[in-house]
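Commentary on secondary and tertiary structure
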Amino acid sequence: MTTLIPMFVSLVIWLVLWLYMLRLDHRIKELEKNVQ
Amino acid sequence: MVWKIGLFVIFVWVILGTWMFEPPMFGVSSPEIYRIFYFHVPVALVTFIAYGFAMYQGLRYLNKRDLLYDKKSETAALLGTIFCALAAGSGSVFAKFTWGTFWNWDPRETSIVVLLLIYLAYFSLRSAVADPIKKANLASVYSILGFISAIFTIFIWPRITPGLHPGAPGDTASGAFIKMSGQTWLVFGPSLAAFLIMYIWMYMLSMKVHALREGKLR
């Protein structure tokens, strides 16, 4: 139990960070398309 | 997209392994805190790789005299400094739960502060010079000196000066070079790979933003 809570918190942090990076990646790709 | 999903899966594996497996047993006290090893050491190694990459791009600039290489060098160093700050922060958490306080001025802690100051001086130097050619010349030479100092501060200084950090001379618990079990490698290896991929991803995005700002894609 003592390791389950930090594990869950770590997973949530990573999921949020990964989704943020994907969103950033997508927005930059869209900007690149507009430039071209 | 496949590699991005792969990165997600690797990090999920690292997180599960970090918290589900037995903690790495390098020390005699508070083994639970040694779980931070899977974050702290890969981040510190990526810092070193990033500063090495910054030097490589600095050398390419000095060879080709193309300002794009200077920008690559700056981006690599900036991301390296973010990873360096993360290594210092996670090391500080380890220090609190192992040695009682967040900061002990142990040789390893002092050396990472010195490394951070060296690279903060690199960015100060860049901001102090207006002429882009002069800035790139100075920064490229500095990136070489910075990486040489990184070798000294990360690998040499803390290994020749007695201190609290695992791997310091006189450390009987873990020895000069930490021996990892197979299970520890199963988490540490993917963790190092994942942080490295994360660094490359951040670097690629930064360079794309730079290209967009410059109005050209290279």
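In this report, we go over the structure that sits alongside the text. Values in this document were obtained by computation on a predicted structure and should not be read as measured data.

1. Considering the overall build of chain B
Within chain B, the secondary structure is distributed over six helices and zero strands. The helix and strand sequence of chain B, counted from the amino end, reads α-α-α-α-α-α. Taking 218 residues into account, the globule formula puts the C-alpha radius of gyration at 17 Å, and chain B, at 19 Å, falls close to it. Reported as C-alpha extents along the three principal axes, the dimensions of chain B are approximately 55 × 45 × 25 Å. Counting the 218 residues in chain B, one finds 46% classified as buried. Counted over contacts in chain B with a minimum sequence separation of 6, partners at least 24 positions apart contribute 72%. Across chain B, the centroid of the 18 positively charged side chains sits 9 Å from that of the 10 negatively charged ones.

2. Let's talk about the packing of aromatic side chains
All names here are of chain B. On inspection of all chains with the given rule, the structure shows 23 aromatic pairs over all chains. Aromatic side chains F39 and F195 sit 5.5 Å apart centroid to centroid with 80° between the ring planes, which places their arrangement in the edge-to-face category. Here F39 is found in helix α2 (residues 37–64), whereas its partner F195 is found in helix α6 (residues 182–214), with 156 residues between them in sequence. Arranged with centres 5.5 Å apart and planes meeting at 90°, the rings of F94 and W99 form a pair that is edge-to-face. For W99, a relative accessible area of 22% gives the class partly exposed.

3. Here we look at the packing of α2 of chain B against helix α3 (residues 67–99) of chain B
Residue and element names in this part refer to chain B. It is at 7 Å that the axes of α2 and α3 come closest, and there the two elements cross at 165°. Considering their axes alone, α2 and α3 lie roughly antiparallel with respect to each other. The chirality of how α2 crosses α3 is left-handed.

4. With respect to the environment of A193 of chain B
Residue and element names in this part refer to chain B. Here A193 is to be found in helix α6. Residue class for A193 comes out partly exposed when judged on its relative accessible area of 33%. Linking A193 and W3, residues 190 residues apart in sequence, is a C-alpha distance of 12 Å.

5. Overview of the nonpolar core
Across soluble globular proteins, you tend to see nonpolar side chains buried next to one another. The biggest cluster of nonpolar side chains holds 44 residues, and the ones touching the most others in it are Y119 and W201 of chain B. At the level of elements, α1 (4–35) of chain A together with α1 (2–20), α2, α3, α4 (107–128), α5 (132–160) and α6 of chain B are the ones that each hand at least two residues to this core. Ignoring any residue separated from it by four or fewer positions in sequence, one finds W201 of chain B in contact with W18, M21, L22 and D25 of chain A together with W3, K4 and L7 of chain B. Formed by five residues, the second largest nonpolar core is a distinct cluster that contains V14, F37, Y38 and V187 of chain B.

6. Concerning the interface of chain B and chain A
Much of the literature gives interface size as the accessible area that the parts lose upon coming together. Counting residues at the interface gives 21 residues for chain B and 19 residues for chain A. Both sides of the chain B and chain A interface together cover about 2,000 Å² of buried area, and 82% of this is carbon and sulfur. Its largest share of buried area at the contact with chain A, chain B owes to F8, W19 and L212 of chain B, together 29% of the area lost on that side. There are one salt bridge connecting chain B and chain A. With its nearest N and O atoms 3.3 Å apart, the salt bridge here joins K4 of chain B to D25 of chain A. Taken together, the links from chain B to chain A amount to six residue pairs in polar contact (both at pLDDT 80 or more). Contributing elements (two or more residues each) for the side of chain B that touches chain A: α1 and α6 of chain B. With ten residues, the single largest contributor to the side of chain B that touches chain A is α1 of chain B. In terms of residue class, the side of chain B that touches chain A is built from 17 nonpolar, no polar and four charged.

7. Details of the environment of D70 of chain B
All names here are of chain B. Within the element layout of this structure, D70 appears in helix α3. Between the C-alpha atoms of D70 and G58, which are twelve residues apart in sequence, the distance is 5.9 Å. For D70, the contacting residues outside a window of four places in its chain are Y61, R126, A136, A139 and S140.

What counts and how
Residue numbers here run from 1 along each chain, matching the order of that chain's written sequence. Whichever chain is written first becomes A and whichever ligand is written first becomes 1, with later ones labelled in order. In keeping with the predicted nature of the model, local features appear solely for residues at pLDDT of at least 70, side-chain atom pairs appear and are counted solely at 80 or more, and the whole-chain, interface and lining totals rest on all residues. Only hydrogens and water are set aside when side-chain values are computed; all heavy atoms of the structure are taken into account. Helix numbering and strand numbering both begin at the N terminus, where a helix is a DSSP run of H or I of at least 4 residues and a strand a DSSP run of E of at least 2. The quantity called the radius of gyration is restricted to C-alpha atoms. Its globule counterpart is 2.2 Å times the number of residues to the power 0.38. Think of it in three bands: with a 1.4 Å probe and only protein chains considered, a residue is buried below 20% of the maximum accessible area for its type, exposed above 50%, and partly exposed in between. Throughout, a contact is declared for two residues whenever any of their heavy atoms are within 4.5 Å. Asp and Glu count as negative and Lys and Arg as positive, but His and the ends of the chain are not part of the count. One atom stands in for each charge, and that atom is NZ of Lys, CZ of Arg, CG of Asp or CD of Glu. Side-chain rings of Phe, Tyr and Trp, where Trp is taken by its six-membered ring, are said to pair if the distance between their centres is within 6.5 Å; with planes under 30 degrees apart they count as stacked, over 60 as edge-to-face, and otherwise as tilted. Here, axes are lines fitted to C-alpha atoms. For helices the fit covers the stretch in contact, and angles between N-to-C directions go from 0 to 180 degrees. An angle below 35 degrees is read as roughly parallel, one above 145 as roughly antiparallel, one from 65 to 115 as roughly perpendicular, and any other as oblique. For any pair of crossing helices, the crossing counts as left-handed if the nearer helix is rotated counterclockwise from the farther one by less than a right angle, and right-handed if it is rotated clockwise. Within this scheme, the nonpolar core is defined by two criteria: the residues are buried Ala, Val, Leu, Ile, Met, Phe, Trp, Tyr or Cys, and they are joined through side-chain atoms within 4.5 Å. Summed over both partners, the accessible area lost on bringing two parts together, with a 1.4 Å probe, is the buried area. What makes a salt bridge here is a side-chain nitrogen of Lys or Arg within 4 Å of a carboxyl oxygen of Asp or Glu, nothing more. A 3.5 Å cut-off defines polar contacts: any pair of N or O atoms within that distance qualifies, except that in protein one atom must be a possible hydrogen donor and the other a possible acceptor, and neighbouring residues in sequence count only when both atoms are side-chain atoms. Under the scheme applied, nonpolar residues are Ala, Val, Leu, Ile, Met, Phe, Trp, Tyr, Cys and Pro; charged residues are Asp, Glu, Lys and Arg; polar residues are all the others, including Gly.

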